[in-house]
Structures are given as C-alpha cells and as structure tokens.
Amino acid sequence: MTDEAPVLELRNVDKSFGPIDVLQEISLKVRSGEVLCLLGDNGAGKSTLIKTLAGVHPPTRGEILMDGKPVQFSGPKDAGDRGIATVHQFGGTFPLMSIGRSFFVGVEPTKGWGPFKVFDRKLANEIAVKAVQSFGITRIDDGDRLVGGLSGGERQSLAIARAVHFGARVLILDEPTAALGVKQASHVLRIVLEAKRRGLAVIFITHQVMHAMAVGDHFAVLIRGALAASFRKGEKTREEITDLMAGGEAMAGLEATLETYMQSHEGHPPPSA
Amino acid sequence: MDMMSAFFRRPAAASILSLIGVLAFYVIIGGVNLANLALAASWVNFAANLGIVALPVGLLMIAGEIDISIGAMMPAGSMATAIISGYYGLPIAVGMAGALVLGILVGLVNGLLAVRTSVPSLIITLGTLVGMQGVVLSASVLLTGNASVALTAPEWAKFLFGHLIGGSHQVVVIWWLVLTVLFGFVLHKTRYGNWIFAMGGDKTSARNAGIPTRGMTILLFILSATCASFVGMCQAIQFNSAQVSGGMDYIFNTIVSVVVGGVLLTGGLGTVPGVFFGTVTFAIVNQGIYFTHINRNWANLIIGVVLLIAVAMNESFRKLALHHQPGKTAKASPS
Ligand SMILES: Nc1ncnc2c1ncn2[C@@H]1O[C@H](COP(=O)(O)OP(=O)(O)OP(=O)(O)O)[C@@H](O)[C@H]1O
Ligand SMILES: [Mg+2]
C-alpha cells in the first residue's frame, strides 16, 4: 500500500511574496486514507501552505505532484476540479442560502426542458440531506433550512459532506475545530475519521494538539515557514509536540529572559502575575 | 400559528406588512376610501414605471452590486427614441433599437468596469450617471438645439408601449407584470437564480464553484441599464415627447423599493415578490397621499418611516429564519 504514489506531494516548495519568504523548502506527502496534521503557531505559514496546495498561490519554487505526476494549478477552480477541496473555518460560505441550494452551487440539478429547465429543489434537498446524514449528522433533516442557522460543527460537516459528495480526493481543513466547543469539535473529528475511512487524503490544520492526536496519522510542524519536524503517530508524546509547536526557540527565548531577570534581581524570580 | 411563523420567515413578509401598515394608516388617519385607491391609475402607473427598473436593480443588489446610472438611462432612453424617430424622422423601430442599444452599451461599460477594477459599483455607476447626463444634454443640444424633443409614434408602437388601457392605465403596467413573473421565474426557479444568490453571498467561492461570475455581473448591469432606457423609451412614446431632465428620482425610489422589499443591501438575500410589494408600497405612499386629507409634503416622512420599519422587520425576520428549526415547531403543533 505504501508503495502507491501519494495523492498529493510537495517537493522543496518555496513561497515568497515579493521579498518576504513565507515558506521554505517544504516537502510533504499525503496518501489516500491518511490524515496529515499540520501544526504550527500563528504566522507559521499554515494558511499559505494550504493556499498553495489549493491552487490559490502558485509556488515560487519547487513542485507539486498528484499521483506522482507534476501538476500546475491554474487556480482554485482547477485544483478543485482535480479533487482538492478546501473547507474553511466557518464551513459553508453562503450562510443565507438553504442547505440544498448551497450544496449545489454551480452544479444545480435541473428538471424540465429547454428554457423551462427549473432548479430541482426537492432533489437537491434530498441529496444534500442524505449526504450529511451519511456522515452521522442526523439532526439535519430539512434541506430548506438556512446554512447560517446551523451550528458551527454542523456547518463544517455539511461542507465536508459536500466535498466528498462531489468526488474530492484531498480534503484540506483549515482549523475546522478552532471556534467549536468540545462536543461540536468531537463531531467534526468523527467526520474527519469518516472521510479518512472513505479513502480521502486529509490535511488537517490545527492549533490544538489534542485534536491532532485524536485523528492524525502523520504530523508536520511548521515553524516560521520551514518544516521543523515530521513524524508518525505514536512517535512523540503530547508534551513533545506542544513544545515543538511553541517552537523550541520561543521557549529558549523565554528561559533566557527569565535568567537575565534573575541575575539583575539578585536571584529572585519575577513576581508571578 | 405555524402558518404565521412560516409567513414571517418569508423574505417578502416585511414588505407585505409595510403595505398593510401604510394602507391602514391612510384609511384610519387619512380617511381614504379603499375602493377608490385600490387600482387607481395614479399609483399603478407610477409603480409600473418604477417597478420595471426596481426588478433588475433588485437582482443586482442580491448579487452584491448596485446601479445608480439608471437615473441617467431613463432620459437617455427617451431622448434617444425622440431624437432618432422624432427629430430625424427615422422609423420608430430604429429609435427604439437606439434606446435599447444605448442601454446595453452603458450596462456593458458598468459591468466591465465592475469586474475589471476593484472600484465599488456605487462609484462606477456614479461616474456613468454623471457622464451620461452630460452626453444626453450635449447630444440633444448639439443635434436638435433643444432640451426637449417631440415625437409622434405610429399606431402599433403606441399600442405596445404607450397607450392608456381604458383611458387611464399605461400599457407599461402589463410589461411590469410580465417582467415580474419573468424575473421571479429566473431568480427563484432556475439555476441562474442560484448563481445570483451565491454571488451575493461570497463572490470568490461562487467563482471557485464554477459560476461565471464576471459574465453574470456584466449581464445584470446590462439588464438594469436596458430596463431603465426601456422605461424612458415607453415614456417618450406615451407622452409624445422627451426631456433631458428627470429620472434622478428613480435612483432613490428604486433603492427604497428594493430595500423595503427585503433585499439585503450587502447582497445574498432577497425575492422578486418582495421587490414587487416594496414597489407597490412605495407607489401607494407616494401617490396615495393625494387620496388622503394629509398634506402631500408629509409623504417623504412616511417613506422614511416605512423604510426604517421595513428594514427593522427584515432584520428580525431574517434572524427568525436563520434560527428556525423545522423539526421542533412541527412537533409542537400537530397540524
Ligand atoms: N499575501 C501575502 N503577502 C505578504 N505576506 C504574507 C501574505 N500572506 C501571508 N503572509 C505572511 O506570511 C506569514 C504566514 O502567514 P499564514 O497566514 O500562512 O500563517 P498561519 O500559519 O496560517 O497563521 P495563523 O495560525 O494565524 O492562521 C505571515 O507572517 C504573513 O504576514
Ligand atoms: Mg491561518
């Protein structure tokens, strides 16, 4: 199985915006049925990395490969057509549209003939509701409900179900659990596992190590645009990962400040806040 | 109870309630006899001319854009018809084609600028509004030496675009009703309607989903400019003359009608029935005041109040719709 070419691979990808180098020498692989967790502090370059994967930014240097063959995305639509789907933090981007209508934006089912072709609302609602329910979200049973009225977790689930329904092979989730409570987050994590079970390659971006450890097979830690560590499930403990994410440097920096402070204050630790 | 709450969740609800409120106010405070007001030509004609422009402006607003150049396109349409067919005496069909082509061209310019630049469409169409006013004035003075041009249209053109049905109602009322049905069908029943909602919700996501957002935007701008020049053309044929001035009221009037009709100023939400009732409400406030004891000067105050109340209602009904969970209310009442 592992001999199979990864669905999506980055080889030595750099990304600069003018003089600003945001990503350096990134090499990554995601295989079908695997969850790759991308960890990193604010500003580490996670969003830039997934935008590069999703065809929003072309890489400045380096290669993107799909199924072992080099590809160049002409834009997000092109990447989407090749099976790369991105789900953003707040899920559905059309809060004022109904579930059925938003599910089929751009690919509306119609019935009738010629100029009288009408949007098949009933069919759209049915398919959309069935698709979310197949991910275990049975509380959604009316396709006429507005997306904006769903809970954050339900919206994420709807967006994921939509991507899977339309044949996504790579699912990119940008902090899907960031704004969610414990229960809602666990819903989303369960859906991530379901997508994985269905053979999708999942790239999961998060700040929360616990969430990463719950679903990840592979982990990559980004620090200031470079891949600081890459390891498999079980190779590192939670504390080690947290430490890595905070950036060994940041911790070292903190210790250094503490030390200078102690010296200049005759060995007293700073008063705790 | 269920029916009531279903009604309030409809985007047209606020405009219907506004209409009922205005009627009640006119009847109770203004002493209006409803039978006289009901289909009175004054407001129906006013609504029809306004409504034909409000429909495409409503669609544009749902798609997240706005067009105020319509204020110049009304006189442009009527002057084009009158100059070509009245002053130069060419067949009326040529004058009409001229008016409509002018609408298409200005709409095309608006649309191209809107998709090619990041300038907000309010500013773009402000530019074409002022620009077209200059063009219309200069053209009419240069070509005819006059700011008002007479026109005599043949029988068939009069019949289709400018006669009074039963001696009182302009034939554009029929055009308005037909266009309302057509726009309603497109927006609510076809996939193109879905595209318009998606564009107003999030243009980037809509484009990534494969919707030709640029083409649609240009098309909508062409529609609004052409509908405005169409109304101008009909007025020239109706009144046998065209003036350079006029039309500016339409900017304000269409926006109020569309917003009272429940269209979200920021896009993504709205209905054609809502725009229809918003237009009717506006027309009744504006023209129905002559049926009351109330001084005409109060009409604008009433419009202001209606606008604010309607927007507040739209806001709260929208919240209701967003947080409505059908499963729950359905179980509560066994109907
Ligand atoms: N278009 C751009 N032009 C210039 N610099 C950019 C651009 N986009 C991102 N950056 C810079 O790249 C760095 C990484 O940003 P990015 O949004 O990828 O971080 P992130 O890891 O997603 O952070 P967060 O956790 O806050 O979402 C930041 O310093 C940011 O300022
Ligand atoms: Mg980010």
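Computed from a predicted structure; not experimentally measured. (Residues numbered from 1 in each chain as written. Chains lettered and ligands numbered in written order. Predicted model: local features only at pLDDT ≥ 70, side-chain atom pairs only at ≥ 80, totals over all residues. Heavy atoms only, no water.)

## Notes on the interface of chain B and chain A
Phase 1 of the analysis: The partner chain A presents 25 residues to the 29 residues of chain B that form the contact.
Phase 2 of the analysis: Buried area between chain B and chain A, summed over both chains or domains, comes out near 2,100 Å², and the portion from carbon and sulfur atoms is 59%.
Phase 3 of the analysis: Contact with chain A buries area across many residues of chain B, yet Arg 191, Asn 194 and Leu 322 of chain B alone supply 27% of it, more than any other trio.
Phase 4 of the analysis: The interface formed by chain B and chain A contains one salt bridge.
Phase 5 of the analysis: Salt-bridge contacts for Glu 108 of chain A lead to Arg 191 of chain B; the nearest nitrogen and oxygen are separated by 3.5 Å.
Phase 6 of the analysis: Linking chain B to chain A there are five residue pairs in polar contact (both at pLDDT 80 or more).
Phase 7 of the analysis: Looking at the side of chain B that touches chain A, the elements that each hand over two or more residues are α9 (172–189), α10 (191–201), α11 (203–208) and α15 (299–322) of chain B.
Phase 8 of the analysis: At six residues, the largest contribution of residues to the side of chain B that touches chain A is made by α10 of chain B. (Contact = heavy atoms within 4.5 Å. Buried area = accessible area lost by both parts, 1.4 Å probe. Salt bridge = Lys/Arg side-chain N within 4 Å of Asp/Glu carboxyl O. Polar contact = N/O pair within 3.5 Å; in protein donor to acceptor, adjacent residues only side chain to side chain. Helix = DSSP H or I, 4+ residues; strand = E, 2+ residues; numbered from the N terminus.)

## Thoughts on the packing of helix α2 (residues 13–28) of chain B against helix α14 (residues 272–288) of chain B
Residues and elements named next belong to chain B.
Phase 1 of the analysis: Two elements in contact, α2 and α14, have axes whose closest approach is 8 Å; the angle formed by their N-to-C orientations is 20 degrees. By the angle between their axes, α2 is roughly parallel relative to α14. When the axes of α2 and α14 are compared, the crossing they make is left-handed. Contacts between α2 and α14 involve Ser 15, Ile 16, Ser 18, Leu 19, Val 22, Leu 23 and Tyr 26 from the former and Gly 274, Phe 277, Gly 278, Val 280, Thr 281, Ile 284, Val 285 and Gly 288 from the latter.
Phase 2 of the analysis: Broken down by class, the residue content of the contact of α2 with α14 amounts to nine nonpolar, six polar and no charged. (Axes fitted to C-alpha atoms, helices over the stretch in contact; angles between N-to-C directions. Parallel < 35°, antiparallel > 145°, perpendicular 65-115°, else oblique. Left-handed = near helix turned anticlockwise from the far one by under 90°. Nonpolar A, V, L, I, M, F, W, Y, C, P; charged D, E, K, R; others polar.)

## Points about a nonpolar patch on the surface
Phase 1 of the analysis: Together, Tyr 87, Tyr 88, Leu 90, Val 94, Leu 142 and Leu 143 of chain B line one region of the surface with nonpolar side chains, adding up to about 610 Å² of accessible area.
Phase 2 of the analysis: For Tyr 87 of chain B, the position within the fold is in helix α5 (residues 70–87). (Patch = residues over 30% accessible without salt bridge, like charges linked within 9 Å, V, L, I, M, F, W, Y side chains within 5 Å. Areas by Shrake-Rupley, 256 points an atom, 1.4 Å probe, with all protein chains shown as cover.)

## Some details on the nonpolar core
One broad rule of soluble globular proteins: the nonpolar side chains tend to lie buried together.
Phase 1 of the analysis: If you look at the biggest cluster of nonpolar residues, it comprises 97 residues, and the most contacted ones within it are Tyr 26 and Trp 43 of chain B.
Phase 2 of the analysis: The leading source of residues in this core is helix α4 (residues 41–62) of chain B, at 14 residues.
Phase 3 of the analysis: Excluding anything up to four places from it in sequence, Trp 43 of chain B contacts Leu 37, Ala 38, Val 280, Ala 283, Ile 284 and Gln 287 of chain B.
Phase 4 of the analysis: Formed by 48 residues, the second largest nonpolar core is a distinct cluster that contains Phe 104, Ile 140, Val 192 and Leu 244 of chain A. (Core = buried A, V, L, I, M, F, W, Y, C linked by side-chain atoms within 4.5 Å. Buried < 20%, exposed > 50% of the residue type's maximum accessible area, 1.4 Å probe, protein only.)

## Considering the pairing of strand β9 (residues 170–174) of chain A
Residues in a regular strand project their side chains so that they alternate between the two faces of the sheet.
Residue and element names in this part refer to chain A.
Phase 1 of the analysis: With respect to burial, β9 is a largely interior element, five of its five residues being buried.
Phase 2 of the analysis: Here β9 shows no split at all, with Val 170, Ile 172 and Asp 174 on one side and Leu 171 and Leu 173 on the other all buried.
Phase 3 of the analysis: As defined by bridge partners, strand β6 (residues 84–87) adjoins β9 across four bridges and the pair is classed as parallel. Bridge assignment links Ile 84 to a residue of β9, and that residue is Val 170.
Phase 4 of the analysis: Read from β9 through helix α6 (residues 182–197) to strand β10 (residues 201–206), the crossover connection turns out right-handed. (Pairing = 2+ DSSP bridges. Right-handed = clockwise from strand over helix to strand, strands pointing away.)

## Re the site of ligand 1
All names here are of chain A.
Phase 1 of the analysis: Taken together, 13 residues are adjacent to ligand 1, and Gly 43, Gly 45, Lys 46, Ser 47 and Thr 48 come closest.
Phase 2 of the analysis: Here Ala 44 contributes a backbone N or O atom positioned 3.2 Å from an oxygen atom of ligand 1.
Phase 3 of the analysis: A distance of 2.9 Å separates an oxygen atom of ligand 1 from a polar backbone atom of Gly 45.
Phase 4 of the analysis: In the complex, the protein chains occlude 59% of the 640 Å² of accessible area that ligand 1 would expose alone.
Phase 5 of the analysis: Listing elements by their share of the shell around ligand 1, those giving two or more residues are β2 (20–30) and α1 (46–53).
Phase 6 of the analysis: Here the shell around ligand 1 takes three residues from α1, the largest share from any one element. (Near = heavy atom within 4 Å.)

Keep in mind that these numbers describe shape and distance, not what the molecule does.
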